[in-house]
Amino acid sequence: MIDATPPIYLTFDDGPDPQWTPRILDLLSAADARATFFVIGEFVRRRPELARRIVREGHALGNHTYSHKHPWAIMSRTARAEVRNGAGAVCDAVGTAPAYFRPPHGRRRASMIQEARRLGEGIVMWDVSAIDWGPLGSADRIARRLSRLKPRDIVLMHDGRNRRNRPDELMHVLPVFLGSLRERGLRPELLPNQAKVCDM
């Protein structure tokens with residue numbers, strides 16, 4: 001029987017983080033929820049076992065560049081290398097290439113988008129941001145933002161601290177949020193995804 005419950009797409013950026021990613025994975029497992037993790041390549045190199053755990057537990061990895069440099073603060077050649085090397089780190093860790101790319105800071109730069117598309121990666125932004133970072137990233141504000149999502153929304157959250165992010169505040173909200181999704185008639189699923197062979 002086909003499940004007619006509409007999906008939503010949970011995404012987490014800036015990991016894998018040794019403190020926060022395992023805790024978020026535990027919560028997702030308890031809620032039987034799937035998510036896409038847009039990972040930073042240099043963190044994958046440091047923690048390949050975490051990248052493998054993400055995939056082993058039924059989630060997907062997306063490319064969030066190698067070092068999360070701001071797209072507008074680097075030369076075009078460096079921007080392309082950030083995309084290429086981010087994908088390479090994922091390939092080396094898990095044996096498959098990421099199907100999706102999300103630019104750092106949500107800033108679309110032509111050279112990065114072109115390189116991602118050359119690698120066969122779709123560009124993924126978001127519909128609802130938890131804004132779980134900076135001075136506005138308090139638990140009560142995160143909860144209010146997450147309450148506004150609609151079917152088929154792509155939801156942006158953060159599992160990596162990466163200087164300004166507040167996964168510590170997100171953790172106060174995430175268990176109740178995940179538990180409420182099915183009550184709200186929503187099914188947390190992976191972004192539509194085809195596993196790709198590493199060919200770089």
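Read on for an overview of the structure. Small disclaimer: the values here were computed from a predicted structure and weren't measured.

## Points about the packing of helix H6 (residues 139–146) against helix H7 (residues 167–181)
Contact geometry of H6 with H7 gives a least axis separation of 8 Å together with a crossing angle of 40°. Here H7 runs oblique to H6, going by the angle between their axes. Between H6 and H7 lies a crossing of right-handed hand. Contacts from Ala139, Ile142, Ala143 and Leu146 in H6 reach Glu169, Leu170, His172, Val173 and Phe177 in H7. Here the residues of the contact of H6 with H7 are counted per class, giving seven nonpolar, one polar and one charged.

## Here we look at the pattern of salt bridges
Using the criterion set out here, one finds 17 salt bridges in the structure. Across the pair Asp92 and Arg45 runs a salt bridge, and its minimum N-O distance is 2.7 Å. Of this pair, Asp92 sits in helix H4 (residues 76–94) while Arg45 sits in helix H2 (residues 41–46); the two residues are 47 residues apart in sequence, bridging distant segments of the chain. Residue classification places Asp92 among the exposed residues on the basis of a relative accessible area of 57%. Arg84 is the salt-bridge partner of Glu115, the closest N and O atoms lying 3.2 Å from each other. Residue Glu115 is located in helix H5 (residues 110–118), and its partner Arg84 is located in helix H4; the two are separated by 31 residues in the primary sequence. We classify Glu115 as buried; its relative accessible area is 3%. The network of salt bridges with common partners includes Arg80, Arg84, Glu115 and Arg118.

Procedures and definitions
- Residues numbered from 1 in each chain as written.
- Predicted model: local features only at pLDDT ≥ 70, side-chain atom pairs only at ≥ 80, totals over all residues.
- Heavy atoms only, no water.
- Axes fitted to C-alpha atoms, helices over the stretch in contact; angles between N-to-C directions.
- Helix = DSSP H or I, 4+ residues; strand = E, 2+ residues; numbered from the N terminus.
- Parallel < 35°, antiparallel > 145°, perpendicular 65-115°, else oblique.
- Left-handed = near helix turned anticlockwise from the far one by under 90°.
- Contact = heavy atoms within 4.5 Å.
- Nonpolar A, V, L, I, M, F, W, Y, C, P; charged D, E, K, R; others polar.
- Salt bridge = Lys/Arg side-chain N within 4 Å of Asp/Glu carboxyl O.
- Buried < 20%, exposed > 50% of the residue type's maximum accessible area, 1.4 Å probe, protein only.

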